[in-house]
Amino acid sequence: MPNQHSVSQWIASLKAGELDAAQKLWDRYRPRLIDRARSELARVPKRVADEEDVAQNVFLSLCCGAAAGRFSDVRNRDDLWWLLLAMTQQKSVDLIRRETAQKRGGGRVQPESALAGDSGASRGLSFDQLIGNAPTPEFIVILEEENRRLMGLLRDDQLRKIAVSRIEGYTVVEIASELALSTRSIERKLQLIRNAWTRELIGAERGLETQ
Amino acid sequence: MQNEGWKRSERVDGLSVEDRIDLACDRFEDQLRTGQTADLAAYLDACDAGERARLFVELVLVDWELRGHGESTKEIDWKQYLSRFPEFSEQLEEARFMHRSAASGDTLCDKPPSTSRRIGHFELLELIGAGAAGEVWRANDPRLRRTIAVKTPRAHHLSDDDLNRFLREGRAAAQLSHPRIIPVYEVGRDGNSVYIVSAYVDGHNLRDWLIRTRPTHHEAAELCRQLADALHHAHEQGVVHRDLKPSNVIMDAAGQPHITDFGLAKWADDGRTMTLDGEMLGTPAYMSPEQASGHASLADRRTDVYALGVILYELLTGKCPFEGDPARVTHQIIHQEPSPPRGILRMIPRDLETICLKALQKSPEKRYRTAQEMAVDLRRLLDGDSIIARRPSLLEKSWRRARQRPAFMAAVTLGIAALGAFGIATKLAHEKHALLGLQMVSLSTEPPEEARFAFAPLDDVSGEPLADQVVYAQGSSPVQVELKPGDYLVVAVLDDGRFHEVYRHVPNPKVEEPGPFNHSYWQQLGNGSIQLPVVAVPDHSVTKDMVLLEGTGSMGLPDGQIGSGLYADRRDYTEALYQRLYGRSPPDLRSIAHGPEHFVTVHCDEAIAIAEHAGKRLPSEVEYECAFAYMATERSANISAGNNGTGAAEAFLSSDVARWTTSRDARIPSLHAESAWVVASDYRIVRGGHLLVTEGVISIERNPNRIGERVAVPRSSVLPGLGFRCVRSISPRFIAN
């Protein structure tokens, strides 16, 4: 992510050619992500059907959104989704670093160039780094963990439900009518979630920098 | 779904500011939803002082949304809030802005497609347009991995013949390749219906674009030139559009036009003009006379030239040549000449009007023969060359007028038979005036002096005098001049150098009534001419209390502005001044305070009248701009001279109230679908304060920078925070020889 700026804003400011490129990346990434998500889902016990579990499974959200055709456009993705993705990316870079260091046994850190998606750690990830690579099974596991962790940061279940709905691609109006709240309240709460997650992401970036 | 099931506020300890505000808003919303009275003030009191402003905005937004009133009620709400919470006026403005942008469809952009649908192998992503006769989708072409537009006309009962013709015409359209024509990739059949696949251009159609954008004449000409080029390309391939109109032109992000539905208009139409069997529906505003008279088969490239003429007309004037109910418009298209664009807005360049009217000729033979000819003329105009199209002669105009009004022609003929030679001449002279729309006007000074007069028509849109259209009266006063009805800046100059610049209105006495002010009053004389109120030219001493803003230069502003300099009042017009001028106190209207030093609150026309009476006039907003620029010059000069004093411009600009200007330029979006905007002729620009200042709510220090704030106010409004101050030109702006 370009530092604290929201990816959505960044996407909105892309010129036609750049946006085309971003869309192409996304078009390639999306089916792979969903395929991966589906196969992961098949392995997971049926607990995802549990309605009580608000944070649910982010894959389920992805599949729901994909089935409803909500995922096709880069611009349709809310900040929350990009924040989640960026957070996951940071964590996987972190993991690869630590594993590599352990394997080598000497605590030496691999040169940056050897790590895909690594160079953006402190300066913010580029779009290419965010969705340029096919998601690995490990990535999916981290995505799931990050999803749960980020949801856990939120104050209450209502905020979690809003975050999940937004990641599934629902509009503010749709979420408002679902929860019987004003659209202004949904906007206000989304901003609250964005702020919380952005703080977390900046923290993760700093942490990575200091390692 | 209800909220009961939610485990709310799991973590009450260590809540952040935004959490606290969020929770307070939730309680507030809960209260409102359950029909209880929720006291906004109590919520504010309960929260920390530092969080109140933020909470206030949020509560107001929730309150407005939940109560879901119409816009007018909101204005009232807003004012009530304002009177209850004057300390939050800034936050209230913010809330109003946010509320408006939310209402204007910010949420639309995140609207996902309602269903996942396919046509052919295309995935429909987002419905971007829907009309009675079909839908337009943004879609994905998974094979070529590109975004495309898919149009699905709701065509009923397609026969095999129709289908073949559709496919044939689609193939012809697909041959077109021009940067200003949206390429058709394919046409096809999906079950019982047909579809058209074309490139997707991200943008608004010209109709919507015009609501937000106001093209200059130059931009209008350039836009039409590009469209004419594109039309010509298609015509050369044997494809005629037949239904060119703003909704068929897409403006991309760079402001470039792209024509859509080429040759497929009757299939892809949004349902507002024609159905498949040629039956007319909706507005025919862009239809050519040959189409309107039912000879659609005669439509050829000149039909498109006509439609382009209508678009040019609309870009220039903001409305179509003929508007109203379809039957009447159709009749007018066939039988009536359009009003010349310059009759609507006088600032339109004459050559551009000529091009427009040539494209709008009833008879195709008289139009540009090709779109290219029109493009060439527009190009010549843009390059500053003389154009090829010719204006119709006066004789030709009279003939056309006569043909439209047979009764009038019969009257002239009868008149010739009945009257003597002198009578005929007089009659014809009057008819000439009537044809040109001129009105004989007489004007003099008080006391009677030998003054020379210049009449500068005011531009309808900006309210600025049009320097290139000044009419100079022959001889000295009393003078008689023939003028077109409208508003004028009248400059009266005496031999000893004294002068006055006043406003006068030349009426069309058949349809207008005289108003109460010098600049709206008139009297009809027995001979049919109009007597305007006399002009009282002030002494040189009128400027003795004013500051001088020397040679501010035109600062890249339009010609005829304040090149030579300006005398300006150093204070707002006060009750004391009013008392001295009129010998009575000003009308007690909406002033929030009174006293000799308090400024006078009057409506714009009264301010203009007072200024004239005082030997001065109201400034235009351009003059405020110039003074503002001049202030910077003055300050740097003062600094280098080690001078701490207040400069002339700063004295003129510093005020704690908003001030009337003579400038109009207040356009508002039209409620009628036919025209994109209307000139709000009854509004005047107020500088030096936003709405709250004019309402007298905020009393800010006398800050000269506040002159940058600008708002349009109905000219008849008297507002507690809205005064005026006067200026006077250093020398008359227009002098007759």
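Residues numbered from 1 in each chain as written. Chains lettered and ligands numbered in written order. Predicted model: local features only at pLDDT ≥ 70, side-chain atom pairs only at ≥ 80, totals over all residues. Heavy atoms only, no water.

### Some details on the overall build of chain B
- Along chain B, the regular secondary structure elements total 23 helices and 26 strands.
- Looking at chain B as a whole, 50% of its 737 residues are labelled buried.
- Pairs at least 24 residues apart make up 66% of the contacts formed inside chain B by residues separated by at least 6 positions.
- Of the accessible surface of chain B, which amounts to about 34400 Å², a share of 52% is contributed by carbon and sulfur atoms. (Helix = DSSP H or I, 4+ residues; strand = E, 2+ residues; numbered from the N terminus. Buried < 20%, exposed > 50% of the residue type's maximum accessible area, 1.4 Å probe, protein only. Contact = heavy atoms within 4.5 Å. Areas by Shrake-Rupley, 256 points an atom, 1.4 Å probe, with all protein chains shown as cover.)

### Here's the deal with the packing of helix H7 (residues 157-167) of chain A against helix H8 (residues 172-179) of chain A
Residue and element names in this part refer to chain A.
- The interhelical angle for the contact between H7 and H8, taken along N-to-C directions, is 140 degrees, at an axis separation of 10 Å. Comparing their axes, H8 and H7 come out oblique. Classified by chirality, the crossing of H8 by H7 is right-handed. Taking contact as the criterion, the partners of Gln158, Lys161, Ile162, Ser165 and Arg166 in H7 are, on H8, Val172, Ile175 and Leu179. (Axes fitted to C-alpha atoms, helices over the stretch in contact; angles between N-to-C directions. Parallel < 35°, antiparallel > 145°, perpendicular 65-115°, else oblique. Left-handed = near helix turned anticlockwise from the far one by under 90°.)

### Looking at the side chain of Ser663(B)
- With respect to the element layout, Ser663(B) can be found in the loop between strand S20 (658-660) and strand S21 (667-669).
- In terms of polar contacts, Ser663(B) uses its side chain to reach the backbone amide nitrogen of Glu621(B), at 2.9 Å. (Polar contact = N/O pair within 3.5 Å; in protein donor to acceptor, adjacent residues only side chain to side chain.)

### Let's talk about the sheet that holds strand S7 (residues 203-205) of chain B
All names here are of chain B.
- The strand order across the open sheet built from three strands is S7-S8-S9, with neighbouring strands paired in antiparallel fashion. This sheet does not close on itself; its edge strands, each paired only once, are S7 and strand S9 (257-259). When strand polarity is set aside, the average angle formed by the axes of neighbouring strands in this sheet is 30 degrees.
- Relative to strand S8 (residues 249-252), S7 runs antiparallel, the two being bridged by three bridges. Paired with Gly203 across the two strands is Asp252, which belongs to S8. (Pairing = 2+ DSSP bridges.)

### Concerning the pairing of strand S15 (residues 499-506) of chain B
Residues and elements named next belong to chain B.
- By the criterion of burial, S15 is predominantly enclosed, with eight of the eight residues buried.
- Along S15, one buried face is formed by Phe499, Glu501, Tyr503 and His505 and the opposite face, lined by His500, Val502, Arg504 and Val506, is buried too.
- The turn joining strand S14 (residues 486-494) and S15, which pair antiparallel and follow one another in sequence, is formed by four residues; a positive phi near 95 degrees is taken by Gly497.

### Here's the deal with the packing of aromatic side chains
Residue and element names in this part refer to chain B.
- Here the structure, examined in full by the defined rule, presents nine aromatic pairs over all chains.
- A ring pair is formed by Tyr573 and Phe724, whose centres lie 5.0 Å apart and whose planes are at 15 degrees; its orientation type is stacked. Pair noted here: Tyr573 is in the loop between strand S19 (565-568) and helix H19 (575-582) and Phe724 is in the loop between strand S25 (722-723) and strand S26 (727-729), with a separation of 151 residues, a long-range link.
- By relative accessible area, Tyr573 is classed as buried at 4%. (Phe/Tyr/Trp six-rings, centres within 6.5 Å; stacked < 30°, edge-to-face > 60°.)

### Things to note about the sheet that holds S19(B)
All names here are of chain B.
- Strand order in this open sheet of three strands is S18-S19-S26, and the pairing throughout is antiparallel. Of all strands in the sheet, those with a lone pairing partner are strand S18 (547-550) and S26, marking the two edges. Averaged over all adjacent pairs, the angle separating strand axes in this sheet is 25 degrees, with direction ignored.
- Note: S18 against S19, four bridges, orientation antiparallel.

### Some details on helix H8 (residues 217-236) of chain B
All names here are of chain B.
- With 20 residues, H8 ought to run about 28 Å at 1.5 Å a step, and its terminal C-alpha atoms sit 28 Å apart, in line with that.
- Of all 20 residues in H8, 14 are buried; the element is thus mostly enclosed.
- Just downstream of H8, Gly238 is the residue with a positive phi angle, here 80 degrees. (Expected span 1.5 Å × (residues − 1).)

### Observations regarding unusual backbone geometry
- With omega at -5 degrees, the peptide bond leading from Glu446(B) into Pro447(B) counts as cis.
- Relative to the helices and strands, Pro447(B) is located in the loop between strand S10 (439-443) and strand S11 (451-457).
- Cis geometry marks the peptide bond from Ser477(B) to Pro478(B); its omega dihedral reads 0 degrees.
- Counting through the fold element by element, Pro478(B) comes out in the loop between strand S12 (471-472) and strand S13 (479-483).
- One non-glycine residue, Ala180(A), adopts positive backbone phi at about 55 degrees.
- Among the secondary structure elements, Ala180(A) is positioned in the loop between H8 and helix H9 (183-210).
- Positive phi, normally seen in glycine, also occurs at Arg242(B), with a value near 75 degrees.
- Here Arg242(B) shows up in the loop between H8 and S8.

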